[in-house]
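A structural walkthrough
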Amino acid sequence: MLLLLNHTIGILTRAYGILLRVPVSSLPSESESQRPRQRRFKSARLTGEYEKPWTENWTKGKGFKRFKGRTWDSIIFWTSIGAGFFLGAVLCYTSAAAVPHNSFCLMFEDQFTNIDPDIWGYEIQRGGFGSGTFEWTTNDPANAYTDTEGLHIVPTLTVNSTDITPAQILDGYTLNLTTAGTCTTTVNVNTSCAIYSNKTSGDIINPVRSARLTTKGKKTIKYGKVEVIAKMPKGDWLWPAIWMMPEDSVYGEWPASGEIDLAESKGNSGEDYPSGGRDSLVSALHWGPIPSVDGFYKTDGKHDIRRTDYSETFYTYGLEWSDKYIFAYINNRLLQVLYLTFADGYDNMWDRGEFGKTIVNNSALNDPWSQTGRPNTPFDQPFYLILNVAVGGTNGYFPDKVGNKPWGDQSLTAQLEFWNATDQWGKTWGPPEDRGLTVKSVKMWSLGAEPDTGTGRKGLQDQGLQGALVPRMDIWRGTEWHRGLHDVTVYVIVESTWFHEDVATFTRAADSVGGRTLTTNSGTPGGTAALTVELCQNACQNLGFVLAGVEYAGECYCGNSFSNGGIPAPDGTSGCSMICNGNSSETCGGPNRLDIYDFNDAISTISGAPTSTISASSGIPSSAANWTSLGCYTDGVGGRTLGTQIFSIPGASMTVELCTRACLSAGFTLSGVEYADECYCDNALQNGGGVAPDGNAGCNMPCAGNFNETCGGPNRLNLYSDNGPPISATPTTSSAPTSTLIVATTLPTGWSSKGCWLDREFNVGRILAYSGPDSPSMTVEYCVQECVAAGYSVAGLEYYTQCFCDKYVINAGRQVADTDCNTPCGGNAAEECGGGDRMSIYSNETTVTVIPVPVPQETGLPGSWVYQGCLTSVVSLTLFVLTDSLPSMNWAYNTLAKEKGDSKTPNTKLTERRDNAVARTFPYQLEFANNNTAQNCLTQCADFGYGAGGMEFGEQCFCGDAYNTVTAGATLVAASNCNMACTGDPSVLCGGSGTIQYYTWSGPALEGWTFETGNDAGEYVFLIGGVIIPLIATPAVNGKFGTEPAANSTGAYELDLALLSNFTAAWRPMHVKSDVFCAASLTLPDKAGRQIDIGGWANQDTYGIRLYWPDGSPGVWGVNDWQENYSEVHLQAGRWYPSAMTMANGSILVMGGEEGSNGAPIPNLEVLPKPEGGYVLFCDYLNRTDPYNLYPFLTVLPTGGIFVAYYNEARILDEETLETSRVLPNIPGAVNDFLGGRTYPFEGTSMLMPQYAPYTDPLTVMICGGSIPGPEFALDNCVSIQPELDNPTWTIERMPSKRVISSIVALPDGTYLIANGGQQGRAGFGLATQPNLNAVLYDPSKPLHNRMSVMANTTVARLYHSEAVLLQDGRVLISGSDPEDPRFPQEYRVETFLPPYLLSGLTKPTFTISKTDLAYGETFSITVNLFQGATDTMRVSLLAAVANTHGNSMGQRTIFPAVSCAGNVCQVTGPPNAHVSPPAWHMLFVLDGPTPSDAIWVRIGGDPAELGNWPDFPDFDLPGV
């Protein structure tokens, strides 16, 4: 109201200002009245006598002067003033009335005389809590203590508050909170509770310690109010937070179950942190179906203050929350930072977030909330309070490049970078009372007049037993269905997945095929495929039952008591894990397990005694006393005595009671049972039916569902009436059906009935594995036809609507009496479609093969695999036990807690969570719908280098590593949990529902990586800042390094490594006339070593041919520049993303590409210089695989021919015709996706293995990395092939990490450096994430699968458009990264990687050479100076010139020629021909042991295509031949 009144007064002031003709700006404001006095303004007032003509028009009124002719003006003015006051009053009243005024009950108030353990607990870990923060949280009094001001949560330097030294922070120290017994988390224990500092990997001990206090498990509210009086800390990169999290993650992991941020700030000074430091405060709600889709930006608020900040004094941070609204405020409810009305135009939070429109990894998101029907879900469950001070983080809370932030969020060594900047931020941290969060008091209220005692109905709600899987309370006729047995009900919350609506309760009852707990197997609308809890409840109620149970996802059972010894399941909920077929948000029991519901609190009066029975003499159901037995009556198939047959009661369950109730429910007064399992109803006798002439003699068949009752006989009815004697009807009014028994006579040739078979006897799955389509119109003929069409020889029908197929009967199925199959088919009541756990089997086999119950395969396994057992994951869950009947819902203490002597705690932690689609134990999943076996699954895992894996759910295969089980918290469980047969071999087991048949590799490691340290790991070193982001990188024969720019720009630069100390001089600007974006490039074999650039971005530029003659020398700029003229020389087809290669004849092969600017494919190749008449060859394989084949990998083969790899295919071309001469095997992709690609846009990187004199070994081509379609997970393997062999195959070697858009560089010692790239995504702007900052060294001289070493890390993300090339001094130059993505920087910096051979401290050899232009097979001499070894162990390497772009090093080749020495003069013999080494310039290195010399450029093979004379136009400089 105060704000509104101030606003109103302002309006009035302005009104009077106009009336008095005084400018409003001249009226002093509050702020002006406080300003320092200024010099008086000189008056311009008139003096003396002057005319006042306006006074002549004023006349006397009643008590005031009135201006003549202005009466209406006055009326309008004063009326407006009055209306303004009135409207202001109305607005004030309505605003005040709209503010909720709820009743709140104070739950607790803490003034912090101490840290009360009954209120507060500590969360202790070091893993960053999902935000990558840098602190290690403790219960150390240095980090959390109280004094006269209140509670202090204070960050401290680890080296100041522990015995850990600065050196140990960086290297050689193990911090293990688990063994210390202090770690409180059960999530990601390996990383959250322990760390080993290692200076090579950059892993360090957390440099800062802090505290995190919570009320979890002690004090929670669901709706209420919180007020925290606190003073925020000051100091750079401090992150204070007052916030709330759900006690039980009812709707899934963060943020699906929500987060409430009362107040978050930053410790940085607002002057230094313009986006908001400690002068800014944020309140927000976090909510979203998955972590990457968080809707907080729709529900956040921010409040900034000026001239002070939140660390200067105490403020009250408040929250008020109900099912209608939630708001956060500062000091009082008038200053609201965040206000949200839940139902404000939205049905639910899913609609508010518009998540239904969001696609992630080509998949729609799952809605976890809407099924509750509440607009405020997930903010409809108990939340607890958290107080903490975090430090730093990598989740973006402190954005990169803001406030001189010393670390990068994407850096793998972010903590190290933060620690290294201690001198920068440490000086901003003051004494503990300044750098800590100081909390004077905390108050928490619950909504409503009564306190939350944790008991009764409200206590149940506040424990969070509320939500989605049972989202409603089903009510009929003023009565309620409840789940469970009160005296023995076990409430279990598994991962907060199970919860309850109001007082709905549940239990798990053990059940078995041989003796049902609930004896009546009831049909439901839509059959088993549509079963829901509600459908089963309705069916049971209509049949007159008070107990309903659902089992095995699709079965419904009813009863009025528990039979056959049925009891609450001894294993709790673990067996009731199957989702209802008709509602994925409910569970419907499991194998031999029932979810049980009771009607109208009937369960409180029911014992577990066997069902009472009805004798044949009385025939009157005990619970239907109004029915009267009329004795035995005649009946006939041709004319029924009672005209309506009831099909909703399965024949095997038939009882007198069921039939009478069904007839009563359907509105009939007569009920009859016949032939043990048939039920008929009517209101009059039809077709002359009457009392049987032989009395009760013909009614002699026991009821199928109760052998103590009789249910008629052949053509005999036991008749019952609830309305006196029956009335006979005339024949003309008969409603009896006239159809006769229909026999399945239209089966395919050879098919016949094989009888009735018992299903699921051993609780290991169906006896036929493959489920056909359920149909409410199911017939025998339909099911058989479906199985025939699917290629099966056995068909089975069960329970009205179900059809199953297989090639044999599995799981030790056995034949039983044909009468057991007595359920009529849904589409033909005269045919039998099995029954409850009974299957009517048909086959075209003379004898049906029966496969025994499957067992785990422990012998005959491939390779060195060993069976470990049945594996499932682990998570904590909370157990509650009810001991009193509804509706009082009084809670009792858990029996387990009592056994432990705990008289207060009503919950106990258990462990059980199964493998599931959200949180898989292993990272790679394969689907073998028809052929899953241990052989097939484990062979695939081993082929791709994974040493752990197994099978699940019959058809799924998983691959990974043994440490995945530790990360997931997986443990071995009872073998009975793995109970599903393999789809490829039904005699063995392939896991179960959420359980894995687990195997590990026991032989030599499938992949042996070396993790190097110190100098052996190499080193990244900053070289120079850039003027462009390079797109193509080319070392030139003039000793310089050429680049062409990214970001769709046109230009080129030459970097002179001799001028690095002078930035301007180092980068020589060059000029091109057309756009070179995503072109191809080579160094030509002409005698000048010209560079050629081919293709480009769009339009005419895609035809571009550009040439540069390198000149100048190190330290001296050249004068030559790029030359091009489209009208004189151009491609025959415009190309964007093409590849180029020098062929054996010296010509240039140009292949593939697109029209430019994301245009149509160019699926052809051509040759430069253009042959007479031109030549463009169509390539169907490029056309077929577009757009996944760009920048293909090209190689001249030593035996002739051209190898080409594109997408996931490879072939050899004839070098004369360029037609395909041989198709090679497809390139392997991921272990679980053979469609993984290797060329742009799935962009891997390729190299040729070294060729050694005498060059008799076949050439090996290697391709590393790439990505898969869809989720675009990067590939984590290198594949290699020797394409010249008769039967070449691809060899798979697993890399230490995944890579896409990476680079590989050949080094002078014959090894290869793999660098750059990301771990998810593909090539393109903004399409790759998770930068891979680690380098890997590949050494082909080592044994296969032991060739990779993990090297040093960089801190610079190198994603799309990054490059790596070898320099003449042996360093690797690394440049570029043009992601065009706000998450990652546009990278201008240039680095070098120093391989270990440059860090050994050994002196480089030197040499001189007699000549640098060499013919094939020519022997030339070099004079060497070695400083370590001798010439008899010296090596020489020749590395062909490359141009690197998009992972493609065009021109790469590594040759180790023959060398012989006399003294220090050595004879080197060059490669023998153009197939072993096509014409090219090479860097020649001399290796003294591991240490290379600086290189000298030599040309080998001359210029056979006479490129030195091309293009022959005046505006091109030609070096000649």
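Residues numbered from 1 in each chain as written. Predicted model: local features only at pLDDT ≥ 70, side-chain atom pairs only at ≥ 80, totals over all residues. Heavy atoms only, no water.

1. With respect to the overall build of the protein chain
- The helix and strand tally for the protein chain stands at 19 helices and 101 strands.
- Taking all 1521 residues of the protein chain together, the buried fraction comes to 56%.
- Taken as a whole, the protein chain presents about 61200 Å² of accessible surface, with 53% of it coming from carbon and sulfur. (Helix = DSSP H or I, 4+ residues; strand = E, 2+ residues; numbered from the N terminus. Buried < 20%, exposed > 50% of the residue type's maximum accessible area, 1.4 Å probe, protein only. Areas by Shrake-Rupley, 256 points an atom, 1.4 Å probe, with all protein chains shown as cover.)

2. Remarks on a nonpolar patch on the surface
- A cluster of nonpolar side chains, Trp72, Ile75 and Ile76, forms an exposed patch at the surface whose accessible area comes to about 360 Å².
- Within the secondary structure layout, Ile75 lies in helix α3 (residues 71-98). (Patch = residues over 30% accessible without salt bridge, like charges linked within 9 Å, V, L, I, M, F, W, Y side chains within 5 Å. Salt bridge = Lys/Arg side-chain N within 4 Å of Asp/Glu carboxyl O.)

3. Considering the environment of Ala180
- Structurally, the position occupied by Ala180 is in the loop between β9 (174-176) and α6 (189-192).
- Placed 13 residues apart in sequence, Ala180 and Cys193 show a C-alpha to C-alpha distance of 9.6 Å.

4. Brief notes about the pairing of strand β75 (residues 1220-1223)
- Bridge count between strand β74 (residues 1209-1213) and β75: 3 bridges; the pairing is antiparallel. Residue pairing for β75: Arg1211 is matched across the bridge by Val1223.
- Turn length for the β74-β75 hairpin, with the two strands adjacent in sequence and antiparallel, is 6 residues, and the turn residue Leu1218 shows positive phi of about 65 degrees. (Pairing = 2+ DSSP bridges.)

5. Some points on the sheet that holds strand β11 (residues 208-210)
- Taken in spatial order, the 3 strands of this open sheet run β5-β11-β8, and their pairing is mixed. Each of the sheet's edge strands pairs with one partner strand only, and the pair in question is β5 (135-137) and β8 (156-157).
- By the bridge criterion, 3 bridges tie β5 to β11 in an arrangement that is parallel. Counterpart to Glu135 in the pairing with β11 is Val208.

6. Observations regarding the state of the cysteines
- Taken as a whole, this structure holds 18 disulfides when the rule is applied.
- Residue pairing for Cys659: its cysteine sulfur links by disulfide to Cys679, the two sulfurs lying 2.0 Å apart. A torsion of 85 degrees about the S-S bond marks the disulfide between Cys659 and Cys679 as right-handed. Of this pair, Cys659 sits in helix α13 (residues 656-665) while Cys679 sits in strand β39 (residues 678-682), and the two are 20 residues apart along the sequence.
- Classification of Cys679 by relative accessible area gives buried; the value is 0%.
- Here Cys1461 is linked by a disulfide to Cys1466, with a sulfur-sulfur distance of 2.0 Å. Sign of the S-S torsion, about 105 degrees for the bond between Cys1461 and Cys1466, identifies this disulfide as right-handed.
- Judged by relative accessible area, which is 30%, Cys1461 ranks as partly exposed.
- Residue Cys1466 is classed as buried on the basis of its relative accessible area, which comes to 0%.
- Lacking any disulfide linkage, Cys576 is separated from the closest cysteine sulfur, that of Cys588, by 9.7 Å.
- A relative accessible area of 1% means that Cys576 is categorised as buried. (Disulfide = S-S within 2.5 Å.)

7. Structural notes on unusual backbone geometry
- The omega angle of the peptide bond from Trp254 to Pro255 is 0 degrees, so this bond is cis rather than trans.
- Relative to the elements of secondary structure, Pro255 occurs in the loop between β15 (238-246) and β16 (259-264).
- Pro1169 follows Leu1168 through a cis peptide bond whose omega is -10 degrees.
- Along the chain, the position of Pro1169 falls in the loop between β70 (1164-1168) and β71 (1176-1178).
- Phi at Tyr1191 takes a positive value of approximately 50 degrees, unusual for a residue other than glycine.
- Relative to the assigned elements, Tyr1191 resides in the loop between α19 (1180-1185) and β72 (1193-1196).
- Here Tyr1207, not a glycine, exhibits a phi torsion of approximately 50 degrees, which is positive.

8. Side note on the nonpolar core
- In terms of nonpolar packing, the biggest core is built from 72 residues, with Ile260, Tyr317, Trp321 and Leu387 touching the most fellow members.
- Not counting residues up to four positions away in its chain, the partners in contact with Leu387 are Phe112, Trp120, Leu151, Ile153, Ala211, Arg212, Leu213, Val228, Ala241, Ile242, Val439 and Val442.
- Residues Tyr946, Cys982, Tyr999 and Ile1281 belong to the second largest nonpolar core, which totals 38 residues. (Core = buried A, V, L, I, M, F, W, Y, C linked by side-chain atoms within 4.5 Å. Contact = heavy atoms within 4.5 Å.)

9. What about the pattern of salt bridges?
- Inspection of the entire model under this criterion finds 41 salt bridges.
- With a shortest N-O distance of 3.3 Å, Arg278 and Asp309 are connected by a salt bridge. With a gap of 31 residues between them, Arg278 in the loop between β16 and β17 (280-286) and Asp309 in the loop between β18 (300-304) and β19 (315-321) connect regions that are remote in the sequence. Taken as a pair, Arg278 and Asp309 share a single burial class, namely buried.
- Between Arg333 and Glu320 there is a salt bridge, and its shortest N-O distance comes to 2.9 Å.

10. A short note on helix α12 (residues 533-542)
- Taken together, the buried positions of α12 are occupied by Val533, Cys536, Gln537, Ala539, Cys540 and Gln541.
- Directly after α12, the chain includes Gly544, whose backbone phi takes a positive value near 90 degrees.

11. Observations regarding the side chain of Asn1038
- Of note, Asn1038 is situated in the loop between β61 (1030-1035) and β62 (1041-1045).
- Polar side-chain contacts of Asn1038 include one of 3.1 Å to the side chain of Glu1054. (Polar contact = N/O pair within 3.5 Å; in protein donor to acceptor, adjacent residues only side chain to side chain.)

12. Let's talk about the sheet that holds strand β76 (residues 1245-1248)
- Pairing is antiparallel in the open sheet, where 4 strands are placed in the order β76-β78-β79-β80. Each of the sheet's edge strands pairs with one partner strand only, and the pair in question is β76 and β80 (1291-1299). Sheet twist, expressed as the mean angle between neighbouring strand axes with direction ignored, is 20 degrees.
- Direction of pairing for strand β78 (residues 1261-1264) relative to strand β79 (residues 1275-1281): antiparallel, over a ladder of 4 bridges. Looking at the pairing, Cys1264 lines up with Cys1278 of β79. (Axes fitted to C-alpha atoms, helices over the stretch in contact; angles between N-to-C directions.)

13. Some points on the side chain of Asp1233
- Examined against the element boundaries, Asp1233 turns out to sit in the loop between β75 and β76.
- For the buried Asp1233, which has no salt bridge, the nearest side chain bearing the opposite charge is Arg1238, at an N-O separation of 11 Å.
- A distance of 2.9 Å separates a polar atom in the side chain of Asp1233 from the backbone nitrogen of Leu1235.
- If sequence neighbours within four positions are ignored, Asp1233 has contacts with Ile1268 and Pro1269. (Lys, Arg positive; Asp, Glu negative; His and termini not counted.)

14. Overview of the packing of aromatic side chains
- The full count for this structure, using the stated rule, is 54 aromatic pairs.
- With 5.0 Å between their ring centres and 45 degrees between their planes, Phe134 and Phe418 make a pair best called tilted. Taken together, the residues Phe134 in the loop between β4 (121-122) and β5 and Phe418 in helix α8 (residues 414-420) connect sequence positions 284 residues apart.
- Accessibility expressed as a relative area gives 0% for Phe134, which makes it buried.
- Geometrically, the ring pair formed by Tyr223 and Trp321 is edge-to-face, given 5.5 Å between the ring centres and 80 degrees between the ring planes. (Phe/Tyr/Trp six-rings, centres within 6.5 Å; stacked < 30°, edge-to-face > 60°.)

15. Concerning the pairing of strand β69 (residues 1148-1151)
- Residues of β69 alternate between two faces, with Ile1148 and Val1150 on one and Leu1149 and Met1151 on the opposite face, all of them buried.
- By the bridge criterion, 4 bridges tie strand β68 (residues 1139-1142) to β69 in an arrangement that is antiparallel. In the strand pairing of β69, Ala1140 is matched with Val1150.
- Adjacent in sequence and paired antiparallel, β68 and β69 are bridged by 5 residues, among which Gly1146 carries a positive phi angle near 90 degrees.
- Relative to β70, β69 runs antiparallel, the two sharing 4 bridges.

16. A look at α13
- Summarising burial for α13: 8 of the 10 residues are buried, a large majority.
- Listed as buried for α13 are Val656, Glu657, Leu658, Cys659, Thr660, Arg661, Ala662 and Cys663.
- Of the residues one or two after α13, Gly667 is the one with positive phi, at around 90 degrees.

17. Side note on the environment of Leu1426
- Residue position: Leu1426 is located in the loop between β92 (1419-1425) and β93 (1435-1440).
- Relative accessible area serves as the criterion here: at 21%, Leu1426 is assigned to the partly exposed category.
- With 19 residues separating them along the chain, Leu1426 and Phe1407 place their C-alpha atoms 8.7 Å apart.

18. Some points on the confidence of the model for the protein chain
- In this model, the protein chain carries an average pLDDT of 83, and 83% of its residues clear a pLDDT of 70 or more.
- In this model residues 1-43 is a low-confidence stretch, pLDDT under 50, and it forms 13 contacts with partners more than four residues away in sequence or in other chains. (pLDDT = per-residue confidence, 0-100.)

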